[in-house]
Amino acid sequence: MKNFLFVLLIIPSIYSYSQEQNIKLASDVFPPFTDIASEKGFALELVKEALNRGNVQVEQTIAGFSEVMDGLNTGKYDGSAALWKTEDRENYLLYSEPYLENRLILVGRKGSDVSAKSLNELKGKRIAIISGYAYGSTVYTSLDVIIIPGKSDQENLEKLLTFETDYMLVDELLISYLLTYQLNDISRFLEIGKEAFIIQPLHLAILKNKPNAQKIIEDFNYNIKNMMSDGTYNKILELNWIQSDIDGDGVHELVLLGDKAGREAPANYYRLMTKTAMTENSERYYINGEIYDGWQVVPAKYKTDIMKAAKMNTNSSSGLKLKF
């Protein structure tokens, strides 16, 4: 009888959590990671998919950054889909593991020296950056460089090509798109830096007092890890190859969308995270659920002409295709 009573007592709690949950998230405009509904917001799409897999439905609000933070402090919003971690915010927010990074890359006109690894090496240079990007005070207060604000990467590109600025800072995700879909334009007009000037991990953050907050974060982390390996990241980011540590051993794998790997080893791919160690000169490939140590052992059946992960809309205003 006692065992029967115990079962009756736990059924309501199990049932209550198994029911669909709702969560209100708010983010500011930060393309291509977060943006209004009519534009691409890849961080928002990744977070929504991962939460949906945990039976959590998302209500997304796009607002100014100060409004987002005020809404979190007053409880108007339950969290944010794309937030940087700070000591102060950790007092009232639970953070997921990072699922993407914001990384700024130096871009110059063809023939420019893009070997600089910090702003300190660009004394006196004019550098275009999208106004309002909160990449840290060093970008805006450096006394040695001239910051040229712009409304978009397209505007900054036009300033660069018309010699109104010497360089532009661009998120590495956009660079991956240019190398994938506009390689001829890149080769003809631009030089791309190899080192990220600034790296900021992106997290899902939820108020600690949100019911089941810890469980939501745990499920999110689990689902994100699966999405990195099952092709979901590739599809949402619209990229054939991404780089991630699939098996958690501290070494990266290149993850393919589908089973058409191309005739030669991929030269361009997008790194999801840069903090994981990678064995030098030893790329591993993850194709159809299998890891292959080196291009030479990838089965010949996969080495066929690669298909585009997505057809870019040349009329898109999402900032993912630039007009040269």
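Thresholds applied
- Residues numbered from 1 in each chain as written.
- Predicted model: local features only at pLDDT ≥ 70, side-chain atom pairs only at ≥ 80, totals over all residues.
- Heavy atoms only, no water.
- Helix = DSSP H or I, 4+ residues; strand = E, 2+ residues; numbered from the N terminus.
- Expected span 1.5 Å × (residues − 1).
- Buried < 20%, exposed > 50% of the residue type's maximum accessible area, 1.4 Å probe, protein only.
- Salt bridge = Lys/Arg side-chain N within 4 Å of Asp/Glu carboxyl O.
- Phe/Tyr/Trp six-rings, centres within 6.5 Å; stacked < 30°, edge-to-face > 60°.
- Core = buried A, V, L, I, M, F, W, Y, C linked by side-chain atoms within 4.5 Å.
- Pairing = 2+ DSSP bridges.
- Contact = heavy atoms within 4.5 Å.
- Polar contact = N/O pair within 3.5 Å; in protein donor to acceptor, adjacent residues only side chain to side chain.

Draft legend 1. Layout of helix α8 (residues 213-229). In this model, α8 (17 residues) spans 25 Å end to end at C-alpha, consistent with the 24 Å of a helix rising 1.5 Å per residue. Every buried residue belonging to α8 is among Ala213, Ile216, Ile217, Asp219, Phe220, Asn221, Asn223, Ile224, Met227 and Met228, and all of these are buried.

Draft legend 2. The pattern of salt bridges, seen in detail. Counted according to the given criterion, the structure contains 15 salt bridges. A salt bridge links Lys110 to Glu191, with the nearest nitrogen and oxygen atoms 3.7 Å apart. In this pair, Lys110 is assigned in the loop between β5 (100-109) and β6 (126-130) and Glu191 in strand β9 (residues 190-207), connecting sequence segments 81 residues apart. Salt-bridge contacts for Glu172 lead to Arg271; the nearest nitrogen and oxygen are separated by 2.9 Å. You can see Glu172 sitting in helix α6 (residues 172-181) and its partner Arg271 sitting in strand β12 (residues 270-271), a full 99 residues away along the chain.

Draft legend 3. View of the packing of aromatic side chains. What the rule picks out here adds up to six aromatic pairs. Among the aromatic residues, ring-to-ring pairing joins Trp241, Tyr285 and Trp295 into one connected group.

Draft legend 4. Looking closely at the nonpolar core. Among the nonpolar cores identified, the biggest contains 42 residues, and Leu51, Tyr99, Leu100, Tyr233, Leu237 and Leu272 are the most heavily contacted of them. By size, the runner-up hydrophobic cluster in this structure holds 16 residues, among which are Met168, Ile175, Leu178 and Ala196.

Draft legend 5. Region of interest: the sheet that holds strand β11 (residues 253-256). Across the sheet, five strands lie side by side as β12-β10-β11-β13-β14; this open sheet has mixed pairing. The open sheet terminates on both sides in strands that have one partner only, identified here as β12 and β14 (290-293). Pairing of strand β10 (residues 241-244) with β12, which is carried by two bridges, proceeds in the parallel orientation. Its bridge partner being in β12, Ile242 is matched across the sheet by Tyr270.

Draft legend 6. View of the environment of Asn223. Within the secondary structure, Asn223 sits in helix α8. We classify Asn223 as buried; its relative accessible area is 8%. Taking C-alpha positions, Asn223 is 6.8 Å from Arg53, a pair spaced 170 residues apart along the chain. Setting aside chain neighbours within four positions, we find Asn223 in contact with Ala50, Arg53 and Gly54. At a separation of 3.0 Å, a polar atom in the side chain of Asn223 contacts the main-chain carbonyl oxygen of Ala50.

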